[in-house]
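The chain contents come next:
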Amino acid sequence: MKALVTGGGGFLGLYIVEQLLAEGAEVRVFCRGRYAQLDALGVETQQGDLRDAEQVARACQGVDTVFHVAAVPGIWGSWDMFHGINTLGTQHVIAGCQRHGVAKLIYTSSPSVVFDGRNHLQADESLPYPVQFPCHYPHTKALGEHAVIAASGQRGLATCSLRPHLIWGPRDNQLIPRLIRRAQSGRLRQVGDGSNLISMAYVENVAAAHLQAAKALSLNSPVSGQVYFINEPEPVGCWDWINTLLARAGLPPIRKRISASAAYRIGAVLEGVWTLLRLQSEPPMTRFLASQLRSSHTYRIDKAVRDFGYSPRCSVEEGLQRFEPELRALTQRSS
């Protein structure tokens, strides 16, 4: 395999790069900056912007498999930014694959593309996209996913989309560090009654799922043109899980609470204030975040198991043991 990984210097992308190299693949990375980890691994790096179609097309030349991992995450920001990178950038990747005869495209999506504010309990891939999206990130990722699936079978390109849920593990530079900082500052509150369940996904398992899907993907395979939820088989209590991470970091459990309705109202007010003042930073609460924190969202992985043999290679407990030293270090750096 000669593979291109967009966003290969990011949290998930770097694990995909490492696992590809371990299996003997040639790897090229397309990303905006330089990363010491990639230089140390000796992979080819092309710097560029997903919004530049020609730069993306050049990166696709001479490879047979593309893992499109790069995206702009978040719950706040302009439509132009999210749409330009997550939607148009994905369309540029598709066009680059078709232009240069790439055989396989694996797209990293998100379960948020089907989030409609309601509880999802052991839901499967039959869930439709919502009529109205709660913020720009899931909307633009859904548009990107739709384009990827629609492209499967066109000009020799086979595609699929993976939807990993709540990726966690060592080297996370977004979700868990933010959680630790909020806990230490006393700004972390349980939203709702704490009974909501979630699915989550250890990062090495998610990376392995991408490689497993790529191996099974072809124009004639059942994987072509399909979407898949990727997470651990068993759901966990959302707030129990957060307290587990805090305990491993040496921090006390969450004691402060706020009702789901109050969090939602506060989110609406803060969105209004941030919009009025044209603030670029992310509000501490939004309606989308309040809905996510109070609701259950768990997903079945039967389809991924059936179609490409998805099997988590690392247990939750083993992942926690690997992650604990970094959690403790995060606490010390933030204190």
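Residues numbered from 1 in each chain as written. Predicted model: local features only at pLDDT ≥ 70, side-chain atom pairs only at ≥ 80, totals over all residues. Heavy atoms only, no water.

> Could you clarify how one ought to interpret the overall build of the protein in this entry?
Helices and strands together make up the secondary structure of the protein, namely 12 helices and 15 strands. Taken over C-alpha atoms, the radius of gyration comes to 20 Å for the protein, in line with the 20 Å a tight globule of 335 residues would show. Principal axes of the C-alpha set define a box for the protein whose edges measure 55 × 40 × 40 Å. Looking at the protein as a whole, 53% of its 335 residues are labelled buried. Contacts in the protein between residues far apart in sequence, at least 24 positions, make up 78% of those at least 6 positions apart. Within the structure as shown, the protein displays about 14700 Å² of accessible surface, and the carbon and sulfur contribution to it stands at 51%. One way to put it: in the protein the 34 positive side-chain charges average out to a point 6 Å from where the 28 negative ones average out. (Helix = DSSP H or I, 4+ residues; strand = E, 2+ residues; numbered from the N terminus. Rg over C-alpha atoms; globule rule 2.2 N^0.38 Å. Buried < 20%, exposed > 50% of the residue type's maximum accessible area, 1.4 Å probe, protein only. Contact = heavy atoms within 4.5 Å. Areas by Shrake-Rupley, 256 points an atom, 1.4 Å probe, with all protein chains shown as cover. Lys, Arg positive; Asp, Glu negative; His and termini not counted. Charge placed at Lys NZ, Arg CZ, Asp CG, Glu CD.)

> Mind showing me how you'd approach unusual backbone geometry here?
Apart from glycine, the bulk of residues carry a negative phi angle, and the bulk of peptide bonds sit in the trans form. Even without being a glycine, Gln-122 presents a positive backbone phi close to 50 degrees. Within the secondary structure, Gln-122 sits in strand S6 (residues 120-123).

> What should I look at first to understand helix H9 (residues 260-277) in this one?
Taking 1.5 Å per residue, 18 residues should reach 26 Å; H9 reaches 26 Å between its end C-alpha atoms and fits that length. Of the surrounding elements, those touching the buried residues of H9 are strand S9 (190-191), strand S14 (257-258) and helix H10 (287-294). Looking at the residues trailing H9, positive phi occurs at Arg-278, about 55 degrees. (Expected span 1.5 Å × (residues − 1).)

> Is there a simple way to think about the nonpolar core in this case?
One broad rule of soluble globular proteins: the nonpolar side chains tend to lie buried together. Among the nonpolar cores identified, the biggest contains 38 residues, and Ile-16, Leu-20, Phe-67, Ile-230 and Phe-308 are the most heavily contacted of them. Once you skip the residues sitting within four places of it in the chain, Ile-16 turns out to touch Val-5, Phe-67, Val-69, Ala-207, His-210 and Leu-211. In terms of nonpolar packing, the next biggest core, distinct from the first, is built from 35 residues, Trp-168, Leu-188, Ile-198 and Leu-251 among them. (Core = buried A, V, L, I, M, F, W, Y, C linked by side-chain atoms within 4.5 Å.)

> Help me understand the packing of aromatic side chains, please; the structure alone is not making it clear to me.
How two aromatic rings sit relative to each other is given by the distance of their centres and the angle of their planes. Scanning the model with the defined rule gives seven aromatic pairs in all. Ring centres of Tyr-228 and Phe-308 lie 5.0 Å apart, and the angle between their planes is 80 degrees; this geometry places the pair in the edge-to-face category. Taken together, the positions of Tyr-228 in strand S12 (residues 226-230) and Phe-308 in helix H11 (residues 302-308) put the pair 80 residues apart, joining distant regions of the chain. A relative accessible area of 9% means that Phe-308 is categorised as buried. Taking 4.4 Å as the distance between ring centres and 25 degrees as the angle between the ring planes, the aromatic pair formed by Phe-229 and Tyr-299 counts as stacked. Note that Phe-229 is positioned in strand S12 and Tyr-299 in strand S15 (residues 297-299), a separation of 70 residues in sequence. Residue class for Phe-229 comes out buried when judged on its relative accessible area of 0%. Taken together, Trp-168, Tyr-202, Trp-241 and Phe-323 form an aromatic cluster joined through their ring pairs. The ring of Tyr-228 carries the charged tip of Lys-303 above its face, separated from the ring centre by 5.0 Å. (Phe/Tyr/Trp six-rings, centres within 6.5 Å; stacked < 30°, edge-to-face > 60°. Lys NZ or Arg CZ within 6 Å of the ring centre and 35° of its normal.)

> What is the right way to look at the packing of helix H1 (residues 11-22) against helix H7 (residues 203-216) in this model?
A pair of packed helices is captured by two measures, namely the crossing angle of their axes and the spacing between those axes. Interhelical geometry of H1 versus H7 gives an angle of 60 degrees and a closest axis separation of 9 Å. Here H7 runs oblique to H1, going by the angle between their axes. The chirality of how H1 crosses H7 is right-handed. Along the contact surface, H1 presents Phe-11, Leu-12, Tyr-15, Ile-16, Gln-19 and Leu-20, while H7 presents Val-203, Glu-204, Val-206, Ala-207, Ala-208, His-210 and Leu-211. (Axes fitted to C-alpha atoms, helices over the stretch in contact; angles between N-to-C directions. Parallel < 35°, antiparallel > 145°, perpendicular 65-115°, else oblique. Left-handed = near helix turned anticlockwise from the far one by under 90°.)

> For this particular structure, what's the right way to read the pairing of strand S7 (residues 158-164)?
It is a general feature of regular strands that their side chains alternate between the two faces of the sheet. With respect to burial, S7 is a largely interior element, seven of its seven residues being buried. Neither face of S7 is open: one carries Ala-158, Cys-160, Leu-162 and Pro-164, the other Thr-159, Ser-161 and Arg-163, and all of them are buried. One ladder, built from five bridges, connects strand S5 (residues 104-108) with S7; its direction is parallel. Following the sheet pairing, Thr-108 is matched in S7 by Leu-162. Two elements, S7 and S12, share five bridges in a ladder whose sense is parallel. In the sheet register, Leu-162 faces S12, and the bridge partner there is Tyr-228. (Pairing = 2+ DSSP bridges.)

> Mind showing me how you'd approach the environment of Thr-65 here?
Take Thr-65: it is sitting in strand S4 (residues 65-68). The spacing of Thr-65 and Leu-217 is 152 residues in sequence and 10.0 Å in space, taken between C-alpha atoms.

> Explain H7 to me, please; I cannot follow it from the model alone.
For an α-helix, 3.6 residues make a turn, and residues three or four places apart therefore share a direction. Helix length check: H7, at 14 residues, gives a terminal C-alpha distance of 20 Å against a target of 20 Å (1.5 Å per residue), a fit within 8%. Counting buried residues in H7 gives 11 out of 14 residues, a clear majority hidden from the surface. Regarding H7, the residues found buried are Val-203, Glu-204, Asn-205, Val-206, Ala-207, Ala-208, Ala-209, His-210, Leu-211, Ala-213 and Ala-214.

> Would you take a moment to explain a nonpolar patch on the surface for this structure?
A contiguous nonpolar patch, built from Val-269, Val-273, Leu-276, Leu-277 and Leu-279 and spanning about 460 Å² of accessible area, is present on the exposed surface. Locating Val-273 in the fold gives a position in helix H9. (Patch = residues over 30% accessible without salt bridge, like charges linked within 9 Å, V, L, I, M, F, W, Y side chains within 5 Å. Salt bridge = Lys/Arg side-chain N within 4 Å of Asp/Glu carboxyl O.)

> I tried to follow the packing of helix H3 (residues 53-60) against helix H4 (residues 79-99) on my own but got confused; where do I start?
It is the contact of H3 with H4, at a shortest axis distance of 8 Å, that shows an interaxial angle of 45 degrees. Between H3 and H4, the interaxial angle falls into the category oblique. Note that H3 runs across H4; the crossing there is right-handed. Residues Ala-53, Glu-54, Val-56, Ala-57 and Cys-60 of H3 lie in contact with H4, whose contacting residues are His-92, Val-93, Gly-96, Cys-97 and Arg-99. Looking at the contact of H3 with H4 residue by residue, the classes come out as six nonpolar, two polar and two charged. (Nonpolar A, V, L, I, M, F, W, Y, C, P; charged D, E, K, R; others polar.)

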